[in-house]
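What follows is each chain in one-letter form.
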Amino acid sequence: MFKLLCKCVLWLSLPFWTLAQATSVVFLNPGNSTETFWVSYSHFMQIAAKNLGMDLRILYAERDAGRTLEQAREVIRGAHKPDYLMLVNEQYIAPQILRLSQGTGIKLFIVNSALTQDQRDLISQSRHKYSDWIGSMLGNDEEAGYLMLKELLRQHGPVADGQSIELLAFSGLKVTPSAQLREQGLRRALAEFPQVHLRQLVYGEWARERAYRQAQQLLRRYPQTRLVWSANDEMALGAMDAARELGLKPGKDLLFSGLNSSPEALQALIDGQLSVLVAGHFTLGGWALVALHDDALGIDPRLLGGPDWRLPLLQPLTRTQAQQLLRLGNQAGTGVDFRALSAQGKPAGYRYPFGLQLLRR
């Protein structure tokens, strides 16, 4: 009788324990564990997860796609599988992870770097096989590339008829979709502003030191350069280092643009040495957790603008915004009530209000 009573109590308590169990997420971070952007990205996610009551684990790949795949295998084949696996399509690895996850019950969500059109077409042909791939959340990388050159040109001022402005450009990794999209935005701006003459585009692979070495050569080769476009802040800072060595003053002799919000880049914008800084997508992972939190509650993402979100997060920062982000540092998400952003209890037609305007303290 006692054993039967214990079984009944255990059976009745199961729903409570099921509800009490935190939704678990593993994020396969493609960056280095010392890389400013990806570390700040992780910090924002950790703040969001704590606020939402989610169990978050972050694994860094140290810029090694093979390591990301190995981490994915360990997570998918492990004894304690998470509810969700978040990944980035860095170096086109997403389809391999989608195949590995089939039939495991782990839901997959892509952030930052989207599937290419060829990948999307291939997967769409057999989407039923990937029923656990529930969506993606991406920034406006193409627009960011466009806005950087447009704002550089605005700050430079008008160009006399028949004259041109010389430009150098530093893109990221060729095999990274976000780099490709930012480069597409650059080329869209070039088509719109034919007075800008792109002397050369090189691949700095996101690295300050590599961009520094490239800029040493390029600025000597093209001494009439006036604009320098960079797909991230590290490459912009490296190119600025090279310019200073040549006796050029960033912000005066040359106008530089960059993307991301490292403390050094924010300070350079405030000081006027970096003319354009586009930022905001370090928040993407945190916003994605809100969507996963709602999915775990059974809320259909299609009712919220999903399952594939494209958010206009990347925007040119003002100096005031740069000062605010610099002050907040790694605590940028502490003033955000992520639970209040949930669609639970919201009226029909609700859309997530994600953006930098939420970062207050």
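Residues numbered from 1 in each chain as written. Predicted model: local features only at pLDDT ≥ 70, side-chain atom pairs only at ≥ 80, totals over all residues. Heavy atoms only, no water.

### Things to note about the nonpolar core
Within soluble globular proteins, side chains that are nonpolar generally end up buried alongside one another. Here is the rule we go by: Definition of nonpolar core: a set of buried residues of the types Ala, Val, Leu, Ile, Met, Phe, Trp, Tyr and Cys, connected through side-chain atoms within 4.5 Å. Accessibility here uses a 1.4 Å probe with only protein chains present; expressed as a share of the type maximum, an area under 20% marks a residue as buried, one over 50% as exposed, and anything in between as partly exposed. Secondary structure follows DSSP: runs of H or I at least 4 residues long count as helices, runs of E at least 2 residues long count as strands, and numbering of each begins at the N terminus. Should any heavy atoms of two residues lie within 4.5 Å, those residues are considered in contact.
Core analysis: the biggest nonpolar cluster contains 104 residues, and Phe27, Met86, Met137, Phe170, Trp287, Leu289 and Phe338 have the highest contact counts within it. In terms of residue count, the dominant contributor to this core is helix 2 (residues 36-52) (10 residues). Setting aside its immediate chain neighbours within four residues, methionine 86 contacts Val25, Val26, Phe27, Leu28, Met45, Phe109, Val111, Gly285, Ala288, Leu289 and Leu292. By size, the runner-up hydrophobic cluster in this structure holds 20 residues, among which are Leu28, Ile93, Leu98 and Trp133.

### Considerations on the packing of aromatic side chains
For clarity, the threshold we go by: Any two rings among Phe, Tyr and Trp, with Trp reduced to its six-membered ring, count as a pair given centres within 6.5 Å; such a pair is stacked if its planes are under 30 degrees apart, edge-to-face if over 60, and tilted if neither.
Following the criterion strictly, the structure yields 14 aromatic pairs and no others. Here phenylalanine 44 and tryptophan 287 contribute two aromatic rings whose centre-to-centre distance is 5.2 Å and whose plane-to-plane angle is 80°, an arrangement assigned as edge-to-face. With phenylalanine 44 in helix 2 and tryptophan 287 in helix 11 (residues 284-296), this residue pair connects regions lying 243 residues apart in the sequence. For phenylalanine 44, a relative accessible area of 2% translates into the label buried. Accessibility expressed as a relative area gives 0% for tryptophan 287, which makes it buried. Between the aromatic rings of tyrosine 350 and tyrosine 352, the centroid separation amounts to 5.9 Å while the plane-to-plane angle is 85°, which identifies the pairing as edge-to-face. You can call tyrosine 350 buried: its relative accessible area is 16%.

### Overview of the sheet that holds strand 12 (residues 315-316)
Here is the rule we go by: Pairing between strands is defined by DSSP: at least two bridges between the two strands are required.
One open sheet accounts for six strands, arranged 7-6-8-9-10-12; its pairing is mixed. Each edge of the open sheet is held by one strand with a lone partner, namely strand 7 (196-203) and strand 12. Where strand 10 (residues 276-279) lies against strand 12, two bridges are found, and the strand directions are antiparallel. Across the sheet, residue alanine 279 finds its bridge partner in strand 12, namely glutamine 315.

### Considerations on the sheet that holds strand 3 (residues 84-87)
Quick reminder of the rule: Geometry is summarised by axes, namely lines fitted to C-alpha atoms with helices restricted to the contacting stretch, and by angles between N-to-C directions that run from 0 to 180 degrees.
Reading across from one edge, 2-1-3-4-5-11 is the order of the six strands in this open sheet, with parallel pairing throughout. Bordering the open sheet on either side are strand 2 (55-60) and strand 11 (308-310), each of which pairs with just one other strand. Within the sheet, the average angular offset between the axes of one strand and its neighbour, ignoring direction, is 15°. Where strand 4 (residues 107-111) and strand 5 (residues 133-138) come together, four bridges link them in parallel fashion.

### Some thoughts on the confidence of the model for the chain
Applied cut-off: The pLDDT value tells you how sure the predictor is about a given residue, anywhere from 0 up to 100.
Of the residues in the chain, 92% reach a pLDDT of 70 or more, and the chain-wide mean stands at 91. Counted against residues more than four places away or in other chains, residues 1-19, with its pLDDT under 50, gives zero contacts.

### Observations regarding the pairing of strand 1 (residues 24-29)
Of all six residues that make up strand 1, six are buried, and the element is covered over most of its length. Side-chain alternation along strand 1 places Ser24, Val26 and Leu28 on one buried face and Val25, Phe27 and Asn29 on a second face that is also buried. Pairing of strand 1 with strand 2, which is carried by six bridges, proceeds in the parallel orientation. Within strand 2, the residue paired with asparagine 29 across the bridge is tyrosine 60.

### Some words on the side chain of asparagine 232
Following the sequence through the fold, asparagine 232 ends up in the loop between strand 8 (225-230) and helix 9 (233-245). With residues up to four places along the chain from it excluded, the contact list for asparagine 232 reads Trp206, Gly258, Leu259 and Asn260.

### Side note on the environment of valine 159
Along the polypeptide, valine 159 turns up in the loop between helix 6 (141-156) and strand 6 (165-171). Residue class for valine 159 comes out partly exposed when judged on its relative accessible area of 26%. In this structure the C-alpha to C-alpha distance between valine 159 and valine 196, which are 37 residues apart in sequence, comes to 9.3 Å. Each residue touching valine 159, except ones within four places of it in the same chain, is listed here: Ser164, Ile165 and Gln195.

### A look at the pairing of strand 4
Put simply, the rule reads: We call a crossover right-handed when, viewed with the strands running away from us, the connection from the first strand over the helix to the second turns clockwise.
The element strand 4 is extensively covered by neighbouring structure, given that four of its five residues are classed as buried. Bridge count between strand 3 and strand 4: four bridges; the pairing is parallel. Across the sheet, the residue bridging to leucine 85 is leucine 108, located in strand 4. In this fold, strand 3 hands off to helix 4 (residues 94-101), which returns the chain to strand 4; that crossover is right-handed.

### A closer look at helix 7 (residues 177-192)
What counts is decided by this rule: Working rule for helices: expected span equals 1.5 Å times residues minus one.
Helix length check: helix 7 (16 residues) gives 23 Å between terminal C-alpha atoms against 22 Å at 1.5 Å per residue, within 8%. Where the residues of helix 7 are buried, they touch helix 6, strand 6, strand 7, strand 8 and strand 9 (255-259).

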